[in-house]
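Tertiary structure, described
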Amino acid sequence: MEYSKEDLIEAKRQIDSTLHKLRETIITFEAKENPERYKSQITLAKRRIKAFEIANYFIGNEIENS
């Protein structure tokens with residue numbers, strides 16, 4: 001599938017924004033009085049961060065090569 005450079009740049013911008021929010025979410029949950037209670041939410045956020053970082057890597061490569 002072909003995407004314009006502008007589409008890729010916007011996708012990367014959106015992913016960067018989501019990554020920032022997810023990282024802040026983890027900080028918030030880990031700062032709670034009983035962070036163990038939020039273990040599943042923390043794990044999910046960390047997994048999403050990893051997935052978005054991978055996507056961001058490939059989008060960055062595609063931007064450089066276009």
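For the structure, see preceding data.
In what follows, the accompanying structure is described. (Residues numbered from 1 in each chain as written. Predicted model: local features only at pLDDT ≥ 70, side-chain atom pairs only at ≥ 80, totals over all residues. Heavy atoms only, no water.)

Remarks on the overall build of the chain
Helix and strand content of the chain: two helices and zero strands. By the compact-globule yardstick of 11 Å for 66 residues, the chain is too spread out, its C-alpha radius of gyration being 15 Å. When the backbone C-alpha atoms are referred to their principal axes, the chain occupies close to 50 × 15 × 15 Å. Evaluated residue by residue, the chain yields a buried proportion of 21% over its 66 residues. Put simply, 67% of the contacts in the chain that link residues at least 6 apart link residues at least 24 apart. (Helix = DSSP H or I, 4+ residues; strand = E, 2+ residues; numbered from the N terminus. Rg over C-alpha atoms; globule rule 2.2 N^0.38 Å. Buried < 20%, exposed > 50% of the residue type's maximum accessible area, 1.4 Å probe, protein only. Contact = heavy atoms within 4.5 Å.)

Re the packing of helix α1 (residues 5-31) against helix α2 (residues 39-64)
Interaxial distance between α1 and α2 falls to 9 Å at its minimum, and their mutual angle equals 155°. On the basis of their axis angle, the class for α1 and α2 is roughly antiparallel. Considering only the axes of α1 and α2, their crossing is left-handed. In the contact of α1 with α2, the residues fall into 15 nonpolar, four polar and nine charged. (Axes fitted to C-alpha atoms, helices over the stretch in contact; angles between N-to-C directions. Parallel < 35°, antiparallel > 145°, perpendicular 65-115°, else oblique. Left-handed = near helix turned anticlockwise from the far one by under 90°. Nonpolar A, V, L, I, M, F, W, Y, C, P; charged D, E, K, R; others polar.)

A word on the packing of aromatic side chains
Taken as a whole, this structure holds two aromatic pairs when the rule is applied. With a centroid separation of 5.0 Å and 20° between ring planes, the pair formed by F29 and Y38 is classed as stacked. Residue classification places F29 among the buried residues on the basis of a relative accessible area of 19%. (Phe/Tyr/Trp six-rings, centres within 6.5 Å; stacked < 30°, edge-to-face > 60°.)

Focus on the environment of S4
Summarising the element assignment, S4 is placed in the segment before α1. Taking C-alpha positions, S4 is 8.6 Å from S66, a pair spaced 62 residues apart along the chain. Within the structure, S4 has its side chain in polar contact with the backbone nitrogen of D7 (distance 3.1 Å). (Polar contact = N/O pair within 3.5 Å; in protein donor to acceptor, adjacent residues only side chain to side chain.)

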